[in-house]
Amino acid sequence: MGSKPDERVPLILDCDPGHDDAVAILLAAADPAAELLAVTAVAGNQTVDKTSYNARRVLTLAGRKDVPVAAGFAGPLVGELATAEEVHGSTGLDGADLPEPALELDSRHGVDLIIETVLGASRPVVLVPTAPLTNVAVALRKEPRLKGRIARIVWMGGAAGEGNVTPAAEFNAFVDPEAAAMVFSAGIPLTMVGLDVTHQALLEEVDIAWIRALGAPVGTAVADLLDFYRGFHRRRYAFSGFPLHDACAVAEALRPGLVRTLPMAVEVETAGRWTRGRTVCDRWGVWEREPNVQVGVSIDRAAFMAYLRQILARYRRA
Ligand code: RIB
Ligand code: CA
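Residues numbered from 1 in each chain as written. Chains lettered and ligands numbered in written order. Predicted model: local features only at pLDDT ≥ 70, side-chain atom pairs only at ≥ 80, totals over all residues. Heavy atoms only, no water.

### Quick look at the pairing of strand E1 (residues 9-15)
In plain terms, the rule: Any residue under 20% of the maximum accessible area for its type is buried, any over 50% is exposed, and the rest in between are partly exposed; the area is computed with a 1.4 Å probe on protein chains only. In DSSP terms, a helix is any run of H or I states spanning at least four residues, a strand is any run of E spanning at least two, and both are numbered starting from the N terminus. A crossover counts as right-handed when, viewed with the strands pointing away from the observer, the path leading from the first strand over the helix to the second turns clockwise. A pair of strands is labelled paired if DSSP reports no fewer than 2 bridges between them.
In terms of burial, E1 is largely enclosed, as seven of its seven residues are buried. In this fold, E1 hands off to helix H1 (residues 19-30), which returns the chain to strand E2 (residues 34-41); that crossover is right-handed. Relative to strand E4 (residues 125-129), E1 is paired through four bridges, and the arrangement is parallel. Within the sheet, the bridge partner assigned to Asp 14 lies in E4 and is Pro 129.

And the structure:
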């Protein structure tokens, strides 16, 4: 009698923790539907030394020191790194007292950890980048065999509508538009979970309260992180809540269909003086070209919040 096939989703996270990346990692680490194979860090919200350190701290908090973590690129393919210190603070995870890492940094470069993990997986892997796409773009360029071994890419990034770091561009696309353009033209099934989606699934003060009620260490740490993270959004945006951008991408990867998408031809602007980093989404097919991206247009907020509660509750103080 053969063993039951593993129905978990084989997952690699490429991230730049970052408060919302931290929640994304906690979800992927605790969801029984996920087989979290590896976490790679890239420069984005903070420098790659900080994002890779933060990824290891969050996995330690999650009790998942079994998951390999490697540091990837320290900056974009072209130009200088722009971080988001005003959002995430000088550590990248300001606001909480997180544990020191219980796992060493993998000696491989993040690109090589992605390549070796995908090629070594028994099934096609779902790649969930929640950061600038520098690591992913170089991995796809360095190892063409990845194309047949990645089931789909679910990226938190981009926006069909307005941006958040310029009026035209969302942060992950803005930091490395050349990398994004390479991934968007790689021919791998790509779901873009952009700001159009993540701004429909805002958390409120009351959500921080139930997270805090989960108790130490995870509930307390996440609530402290979100109290800090909420402050930026209260100052910047008219809306009262705050978006957990990256958690939406993990939720879609593990609960496919949570995000409603439309197939569109999408180009990434790399030259525009005011528009560099814009994901230009052909919503009405005016280019008359084959779609290359499933663009997120809405999210079932109730289902997302139920998912968040269901999985974070697994960290309830024992
Ligand atoms: O624009 C939001 C995205 O940029 C999120 O992934 C956030 O963590 C930052 O990386
Ligand atoms: Ca991120």
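That covers the picture; the talk isn't over yet.
### Considerations on the side chain of Thr 51
To be explicit about the condition: By the criterion applied in these results, polar contacts are pairs of N or O atoms within 3.5 Å in which, for protein atoms, one can donate a hydrogen and the other can accept it, and in which residues neighboring in sequence qualify only through two side-chain atoms. The contact criterion used throughout is that any non-hydrogen atoms of two residues lie within 4.5 Å.
Of note, Thr 51 is situated in helix H2 (residues 48-61). Within polar-contact distance, the side chain of Thr 51 engages the backbone oxygen of Val 42 at 3.0 Å. Ignoring sequence-local partners within four residues, the contact set of Thr 51 consists of Asp 16, Pro 17, Ala 41, Val 42, Ala 43 and Gln 46.

### Looking at the coordination of the calcium ion (ligand 2)
To be explicit about the condition: Each metal site lists N, O and S donors within 2.8 Å (3.2 Å for Na, K and Ca). With water left out of the atoms, a site can look as if it is missing ligands.
Around the calcium ion (ligand 2), the protein supplies Asp 16 (OD), Asp 21 (OD), Asp 21 (OD), Thr 130 (O) and Asp 246 (OD) as donor atoms, at distances of 2.2 to 2.6 Å. The sequence motif formed by the donor residues of the calcium ion (ligand 2) is D-x4-D-x108-T-x115-D. On the criterion of sequence distance, the pair formed by Asp 16 in the loop between E1 and H1 and Thr 130 in the loop between E4 and helix H5 (134-142) is long-range, its members being 114 residues apart. Here Asp 16 and Thr 130 have matching classes, each one buried.

### Examining the site of ligand 1
Stated formally: Any residue with a non-hydrogen atom lying within 4 Å of a molecule or strand is treated as near it. Under the convention used here, a 1.4 Å probe and the Shrake-Rupley method define accessible areas, while residue burial counts only the protein chains that appear.
Neighbouring ligand 1 are Asp 16, Asp 20, Asp 21, Asn 45, Thr 130, Met 156, Asn 164, Glu 170, Phe 171, Asn 172, His 245 and Asp 246. Here an oxygen atom of ligand 1 and a side-chain polar atom of Asn 45 are 3.0 Å apart. A distance of 3.1 Å separates an oxygen atom of ligand 1 from a polar atom in the backbone of Thr 130. Bound to the protein, ligand 1 loses 96% of the 270 Å² it would expose on its own.

### Here's the deal with the nonpolar core
Stated precisely, the cut-off is as follows: Side-chain atoms within 4.5 Å are what join buried Ala, Val, Leu, Ile, Met, Phe, Trp, Tyr and Cys residues into a set we call a nonpolar core.
Leu 11, Leu 226, Phe 304 and Leu 308 are the most contacted members of the largest nonpolar core, which totals 73 residues. Considering each element in turn, this core owes the most residues, nine residues, to H1. Excluding anything up to four places from it in sequence, Leu 308 contacts Val 23, Leu 27, Leu 203, Trp 210, Leu 244 and Ala 313. Residues Ala 70, Ala 179, Met 192 and Val 266 belong to the second largest nonpolar core, which totals 35 residues.

### Examining the state of the cysteines
Note on terminology: a disulfide is the covalent bond linking the sulfur atoms of two cysteines. Note the cut-off: Throughout, a disulfide means two cysteine sulfur atoms within 2.5 Å of one another.
Under the counting rule described, the total for this entry stands at zero disulfides. The thiol of Cys 248 is not disulfide-bonded; the next cysteine sulfur, from Cys 15, is found 16 Å away. Residue Cys 281 stays outside any disulfide, its sulfur separated by 17 Å from that of Cys 248, the closest cysteine. Classification of Cys 281 as buried rests on a relative accessible area of 18%.

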